[in-house]
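# Analysis of the macromolecular model
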Amino acid sequence: MTALPRLTLVLGGARSGKSSYAERLIGGQEAVYIATAQALDAEMTERIAHHRAGRGKAWTTVEAPLELTDALAAHAIAGRPILVDCMTLWLSNLILAGRDVPAACADLIEALPTLPGPIILVSNEVGWGIVPDNALARAFRDHAGRLHQAIATIAQRVVLVVAGLPLAMKDQT
Amino acid sequence: MTALPRLTLVLGGARSGKSSYAERLIGGQEAVYIATAQALDAEMTERIAHHRAGRGKAWTTVEAPLELTDALAAHAIAGRPILVDCMTLWLSNLILAGRDVPAACADLIEALPTLPGPIILVSNEVGWGIVPDNALARAFRDHAGRLHQAIATIAQRVVLVVAGLPLAMKDQT
Amino acid sequence: MTALPRLTLVLGGARSGKSSYAERLIGGQEAVYIATAQALDAEMTERIAHHRAGRGKAWTTVEAPLELTDALAAHAIAGRPILVDCMTLWLSNLILAGRDVPAACADLIEALPTLPGPIILVSNEVGWGIVPDNALARAFRDHAGRLHQAIATIAQRVVLVVAGLPLAMKDQT
């Protein structure tokens, strides 16, 4: 496995294996896991536990459902990988909390190039289905798509994961 | 950037950057933009304005929510690029207007190889989610998928855009 | 066309051309078609007839809405291709019948490496849209994604079909 670049974006559908792929990129190194998930119900608690069980002991877990940019700034140390899982849940949390989503995304995109890496951002592709009936879901798709494009522009590597298999969409490493 | 082939199909999910990618293919050239969108509500008006603001002055805009094949025939001049955005909205308009969708698609597929290019068709991938509950949405997915396959067969280049990044699915240029 | 490996997974969205692509892989050879579809309503009957009309005379059709692993074991003969279309319908049938889906998937994944090939499994990508409102649809997406990952791990070739065009995600042939 080649050395991790400063910023990697890992995209994929639900249960595509994108989180496992991102974790394999880090391997056995000491790393920080920034979880944007909130265990608000039993199903989500189970999902979080399922993901957590797959990681090793050398991981520090930080919860950042809303203040992701602050959490990144607080934990970024050169050479210690940070894995954020996942960006679409963060967007969803921002929307539910009534935050200014474009402003929060702009803050993140401004901060990312200033932080030491490696940073790996995992996110869900959500815009490949029928246009949703409700305006909130359409707005969410728009936010996610725009954020993915903005991150992809500044990332050194962008990977699309399908059935656990990685496809390099961008590789400047 | 290499010269544009006679027919290019640009596919991608919602907010994948497919329209911007298609516009970058054309660059600063004089070009015709065929919009299939209809500004029926405030949200769609905003989306159209957002897209329009991204294009340059050298573009002529033509609206063709239904008579797309006629509009292509009327504006195709060898060497002047035409960008159609997007095919799935055209299909949606045809369905809402009660048109014979397979017949309209057959007419388009018959006409395309006879027209001078370059022509760039942008379309949404819509069939990668859960099977929709309602039959109309399922029929729409079927029309879109079949149209994409038919266009891909006659196109010289087919590009899948993910997070603004192009992936060549077919390249005969 | 190169010789078929023992196990191929063909993925794609709805109407992506994945079934036609899988059938083209087999060509004019004698083959077994295992259909997981059940003709429970007129729409599904039409879909099955549409698919069947596209195949040649040298095909034996077997229906296996639930007992897919048994059907594979019963019909696998070295050198005679088997095409299963499709895995997501099988998962859907298992769920509707109240079966233990993870157990059925584990049985299949255990059996596949013991069977002579070539075997081609076709399946729908279903997890690239907005998170569905209902828990059953979310569970279905999870089952499908996990099954795709498990099959991809043991398959020699994994192909993603977009607009009828194949993209090799894995190729160990």
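Residues numbered from 1 in each chain as written. Chains lettered and ligands numbered in written order. Predicted model: local features only at pLDDT ≥ 70, side-chain atom pairs only at ≥ 80, totals over all residues. Heavy atoms only, no water.

Let us look at unusual backbone geometry. In this chain, Asp 85 of chain A is followed by Cys 86 of chain A through a cis amide linkage whose omega measures -5 degrees. With respect to the secondary-structure elements, Cys 86 of chain A resides in the loop between β4 (82-85) and α4 (87-96). Of note in this structure, Arg 15 of chain B is not a glycine but carries a positive phi near 50 degrees. Summarising the element assignment, Arg 15 of chain B is placed in the loop between β1 (7-12) and α1 (18-26). (Helix = DSSP H or I, 4+ residues; strand = E, 2+ residues; numbered from the N terminus.)

Let us now look at the confidence of the model for chain A. Here chain A shows a mean pLDDT of 92. Residues at 70 or above account for 92%. Confidence metrics for the complex model read pTM 0.94 and ipTM 0.92. (pLDDT = per-residue confidence, 0-100.)

This part covers the packing of α4 of chain A against helix α6 (residues 135-154) of chain A. The description of two helices packed together rests on the angle between their axes and the distance between the axes. Residue and element names in this part refer to chain A. It is at 10 Å that the axes of α4 and α6 come closest, and there the two elements cross at 135 degrees. The orientation of α4 with respect to α6, classified from their angle, is oblique. Crossing hand, α4 versus α6: right-handed. Side by side, α4 and α6 meet where Met 87, Thr 88, Trp 90, Leu 91, Ser 92 and Ile 95 of the first sit next to Leu 136, Phe 140, His 143, Ala 144, Leu 147, His 148 and Ile 151 of the second. Residue classes in the contact of α4 with α6 are distributed as 9 nonpolar, 4 polar and no charged. (Axes fitted to C-alpha atoms, helices over the stretch in contact; angles between N-to-C directions. Parallel < 35°, antiparallel > 145°, perpendicular 65-115°, else oblique. Left-handed = near helix turned anticlockwise from the far one by under 90°. Contact = heavy atoms within 4.5 Å. Nonpolar A, V, L, I, M, F, W, Y, C, P; charged D, E, K, R; others polar.)

All chains considered together, the criterion is met by 12 salt bridges over all chains. For Asp 142 of chain A, the salt bridge identified is with Arg 15 of chain B, shortest N-O distance 2.9 Å. Highlighted residues: Asp 142 of chain A in helix α6 and Arg 15 of chain B in the loop between β1 and α1, drawn from two different chains. Using a relative accessible area of 16% as the deciding quantity, one classes Arg 15 of chain B as buried. For Glu 67 of chain C, the salt bridge identified is with Arg 99 of chain C, shortest N-O distance 3.0 Å. Taken together, the positions of Glu 67 of chain C in the loop between β3 (59-63) and α3 (68-75) and Arg 99 of chain C in the loop between α4 (87-96) and α5 (101-111) put the pair 32 residues apart, joining distant regions of the chain. The partly exposed category is assigned to Glu 67 of chain C, whose relative accessible area is 39%. (Salt bridge = Lys/Arg side-chain N within 4 Å of Asp/Glu carboxyl O. Buried < 20%, exposed > 50% of the residue type's maximum accessible area, 1.4 Å probe, protein only.)

Here we take up the relation of the copies chain B and chain C. Relative to chain C, chain B is turned by 120 degrees and slid 0.0 Å along the rotation axis, the superposed coordinates differing by an RMSD of 0.0 Å. Those values place the two copies in the arrangement expected of a three-fold rotation axis. Among all residues of chain B, the minimum C-alpha distance to the rotation axis is found for Gly 129 of chain B, at 2.7 Å. (Least-squares fit on C-alpha atoms with pLDDT ≥ 70 in both.)

What follows deals with the interface of chain B and chain C. Counting residues at the interface gives 20 residues for chain B, matched by 25 residues for chain C. Between chain B and chain C, roughly 1800 Å² of surface is buried when both sides are summed, and carbon and sulfur atoms account for 66% of that area. When the buried surface of chain B facing chain C is broken down by residue, Trp 128, Ile 130 and Met 169 of chain B rank first, second and third, together holding 42% of it. The interface formed by chain B and chain C holds 1 salt bridge in total. Connecting chain B to chain C are 6 residue pairs in polar contact (both at pLDDT 80 or more). Taken together, the elements giving at least two residues each to the side of chain B that touches chain C come down to α6 (135-154), β6 (157-162) and β7 (165-171) of chain B. Considering each element in turn, the side of chain B that touches chain C owes the most residues, 9 residues, to α6 of chain B. Here the residues of the side of chain B that touches chain C sort into 9 nonpolar, 5 polar and 6 charged. (Buried area = accessible area lost by both parts, 1.4 Å probe. Polar contact = N/O pair within 3.5 Å; in protein donor to acceptor, adjacent residues only side chain to side chain.)

Let us look at the sheet that holds strand β3 (residues 59-63) of chain B. Residue and element names in this part refer to chain B. On the basis of which strands lie adjacent, the open sheet formed by 7 strands has the order β3-β2-β4-β5-β1-β6-β7 and mixed pairing. At either end of the open sheet lies a strand with only one pairing partner, and these are β3 and β7. The mean angle between the axes of side-by-side strands here comes to 20 degrees, regardless of whether they run parallel or antiparallel. Here 5 bridges tie strand β2 (residues 31-35) to β3, and the two strands are oriented parallel to one another. (Pairing = 2+ DSSP bridges.)

Moving on, we get to the side chain of Ser 16 of chain C. For Ser 16 of chain C, the position within the fold is in the loop between β1 (7-12) and α1 (18-26). Not counting chain neighbours up to four residues away, the residues in contact with Ser 16 of chain C comprise Gln 149 of chain B together with Val 161, Val 162, Ala 163 and Gly 164 of chain C.

All right, on to the packing of aromatic side chains then. Throughout the structure, instances matching the rule amount to 6 aromatic pairs over all chains. Ring-pair connections join several aromatic residues into one group, and the members of that group are Trp 128 of chain A, Trp 128 of chain B together with Trp 128 of chain C. (Phe/Tyr/Trp six-rings, centres within 6.5 Å; stacked < 30°, edge-to-face > 60°.)

It is worth spelling out the layout of surface pockets at this point. Residue and element names in this part refer to chain A. What the second largest pocket holds in volume is close to 200 Å³. As for the second largest pocket, its lining consists of Pro 102, Cys 105, Ala 106, Ile 109, His 143, Arg 146, Leu 147, Gln 149 and Ala 150. Going through the elements one at a time, α5 (101-111) and α6 are the ones with two or more residues in the lining of the second largest pocket. Ranked by residues supplied to the lining of the second largest pocket, first place goes to α6 with 5 residues. (1 Å grid on protein atoms, 1.4 Å probe; cavity = no way out; pocket = protein on both sides within 12 Å on 5 of 7 lines; lining within 4 Å. Points joined across faces, edges and corners; volume = space filled by probe spheres on them.)

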